[in-house]
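# Coordinates in review
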Amino acid sequence: MLPSRTYSISIDRKWRGLYEAIWRPEVFPKWASGLSESDLRKEDGKWLADGPEGAITIRFTPHNDYGVMDHWVDTGEGKEVHVPLRVIQNGEGSEVMLTLFRQPGMDDEMFARDAKWINRDLRALKEFATR
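The rules behind each value
Residues numbered from 1 in each chain as written. Predicted model: local features only at pLDDT ≥ 70, side-chain atom pairs only at ≥ 80, totals over all residues. Heavy atoms only, no water. Pairing = 2+ DSSP bridges. Helix = DSSP H or I, 4+ residues; strand = E, 2+ residues; numbered from the N terminus. Axes fitted to C-alpha atoms, helices over the stretch in contact; angles between N-to-C directions. Core = buried A, V, L, I, M, F, W, Y, C linked by side-chain atoms within 4.5 Å. Buried < 20%, exposed > 50% of the residue type's maximum accessible area, 1.4 Å probe, protein only. Contact = heavy atoms within 4.5 Å. Polar contact = N/O pair within 3.5 Å; in protein donor to acceptor, adjacent residues only side chain to side chain.

As judged from the 5 bridges shared by strand E3 (residues 46–51) and strand E4 (residues 54–60), these two strands associate in the antiparallel manner. The partner of Ala 49 across the bridge, within E4, is Ile 56. Where E4 meets strand E5 (residues 71–74), 4 bridges bridge the pair, whose relative direction is antiparallel. Note on E5: the bridge partner recorded for Ile 58 is Val 73.

What follows is the structure, encoded as structure tokens:
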């Protein structure tokens, strides 16, 4: 088992409306700088992007009724990193939750850097979603 931390942000928008606005892979680069620093492009059924550390391939959970937006990132090193992402109801609004798994070989500094990046991206998502 990998150590993990789950981070969340509350957004004053009904969860289904929020999910519908952000579930498409093309929308991720508008708020998820930790995932991609460029637009995503679809080639041969895969999503490709320029990640913070080089070219990446991403698989996304298809549209669903549950607010699940999981994705799997392959940095080209032969192993996919699973990123669980959920939009759930929080009263009249939403809670967006993302789980960060500490990958093998990731030291404390790297784990803290990724956590900081995730929280920055969640704040960017909130700004994007409430414009």
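Further remarks concern the sheet that holds strand E6 (residues 80–83). One open sheet holds the 5 strands; their spatial order is E2-E3-E4-E5-E6, and the pairing between them is antiparallel. Two strands close off the open sheet at either side, each with one partner strand: strand E2 (41–43) and E6. Sheet twist, expressed as the average angle between the axes of neighbouring strands with direction ignored, equals 35°.

For the rest of this paragraph, the subject is the nonpolar core. Counting 34 residues, the largest nonpolar core has Phe 28, Leu 35, Ile 58, Met 69, Val 87 and Val 96 as its most contacted members. Put simply, the parts of the chain that give this core at least two residues each are strand E1 (4–11), helix H1 (15–22), E3, E4, strand E7 (85–90), strand E8 (93–101) and helix H2 (108–129). At 6 residues, H2 tops the list of elements feeding residues into this core. Setting aside chain neighbours within four positions, we find Met 69 in contact with Tyr 19, Ile 22, Trp 23, Phe 28, Thr 61, Val 83, Leu 85 and Val 87.

To continue, consider the sheet that holds E8. Judged by pairing direction, the sheet is antiparallel, and its 3 strands sit side by side in the order E1-E8-E7 without closing on themselves. In this open sheet, the two edge strands, each paired with only one partner strand, are E1 and E7. Each strand axis lies, on average, 25° off the axis of its neighbour in the sheet, ignoring direction. Two strands pair when backbone bridges link them, and E7 and E8 are joined in this way by 6 bridges, in the antiparallel orientation. From the neighbouring strand, Ile 88 faces E8, where its bridge partner is Glu 95. Relative to the sheet, H1 contacts E1, E7 and E8, its axis offset from that of E7 by approximately 155°. Sheet strands in contact with H2 are E1 and E8, and its direction is about 20° off that of E1.

Bringing the side chain of Thr 99 into the picture now. Within the secondary structure layout, Thr 99 lies in strand E8. You can call Thr 99 buried: its relative accessible area is 16%. Here Thr 6 takes part through its side chain, which lies 2.8 Å from a polar atom of the side chain of Thr 99. Contacts of Thr 99, omitting those with residues within four sequence positions, involve Ser 4, Arg 5, Thr 6, Val 83 and Pro 84.

Let us look at the environment of His 63. Note that His 63 resides in the loop between E4 and E5. A residue is classified by how much of its surface remains accessible, and His 63, at 36% relative accessible area, is partly exposed. Ignoring any residue separated from it by four or fewer positions in sequence, one finds His 63 in contact with Tyr 19, Glu 20 and Trp 23. For His 63, the side chain forms a polar contact with the side chain of Glu 20, separated by 2.7 Å.

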